[in-house]
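Topology and contacts: notes
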Amino acid sequence: MTRNRKCYISLPITGYDLAERRRLAEKVKSFLIAAGLEPISPLDKGLPDEAPYTEHLREDFRILLDCGSICLVKGWEQSKGCKAENIVAQTLNLQTLYYNFDL
């Protein structure tokens, strides 16, 4: 069986400047590509930024379910959404990576 190289980027978004979060997501993508993975960012899912939080979270879970790993970005422990994504990832035995760098 082929290893699933898709890696979901779990980063805190709510309450942050969206442009800063997009820059951080791009840095994480570069990190994951260098590690031989295919990064999947929740900021690239195509929903309008102003869509309800629950709609964003539902789509994030759908995307995560198609991945073989998750990358938890610095500050994830304070994010309700990231903590929920981590629980799903751990329940599914996904590989877990950590990105603890600042911009």
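What this report covers is the structure whose coordinates are included nearby. (Residues numbered from 1 in each chain as written. Predicted model: local features only at pLDDT ≥ 70, side-chain atom pairs only at ≥ 80, totals over all residues. Heavy atoms only, no water.)

Observations concerning the environment of leucine 37
For the record, the criterion: For the purposes of this entry, the term helix denotes a DSSP run of H or I that reaches at least four residues, the term strand denotes a run of E that reaches at least two, and both are numbered from the N terminus. In what follows, residue pairs with any heavy atoms lying within 4.5 Å of each other are defined as contacts.
Mapping leucine 37 onto the fold places it in the loop between helix 1 (18-34) and strand 2 (38-40). In this structure leucine 37 touches Arg3, Arg5, Cys7, Leu32, Ser69 and Leu97, once residues within four positions along its chain are discounted.

Considering the side chain of lysine 45
Filter applied, for reference: Burial classification: accessible surface area is computed with a 1.4 Å probe over protein chains only, and a residue below 20% of its type maximum counts as buried, one above 50% as exposed, and the rest as partly exposed. Polar contact is the term for a pair of N or O atoms within 3.5 Å; when the atoms are in protein, one must be able to donate a hydrogen and the other to accept it, and sequence-neighboring residues count only if both atoms are side-chain atoms.
Mapped onto the elements of the fold, lysine 45 is located in the loop between strand 2 and helix 2 (53-64). Exposure remark for lysine 45: the relative accessible area of 19% places this residue in the buried category. For lysine 45, the side chain forms a polar contact with the main-chain oxygen of proline 42, separated by 3.2 Å. Here histidine 56 takes part through its side chain, which lies 3.3 Å from a polar atom of the side chain of lysine 45.

Brief notes about helix 2
The periodicity of an α-helix, 3.6 residues per turn, causes residues three or four positions apart to be oriented the same way. The following threshold applies: By this rule the span expected of a helix is its residue count minus one, scaled by 1.5 Å. As used here, the arc belongs to the directions running from the helix axis to the C-beta atoms.
With 12 residues, helix 2 extends 16 Å from end C-alpha to end C-alpha; this agrees with the ideal 16 Å at 1.5 Å per step. Within the span of helix 2, buried status applies to His56, Leu57, Asp60, Ile63 and Leu64. Taken around the axis of helix 2, the buried residues stretch over an arc of 120°, which confines them to a single face. Exposed and facing more than 90 degrees away from the buried side of helix 2 are Thr54, Arg58 and Arg62. At its buried positions, helix 2 is contacted by strand 1 (6-10), strand 2, strand 3 (69-73) and helix 3 (80-91).

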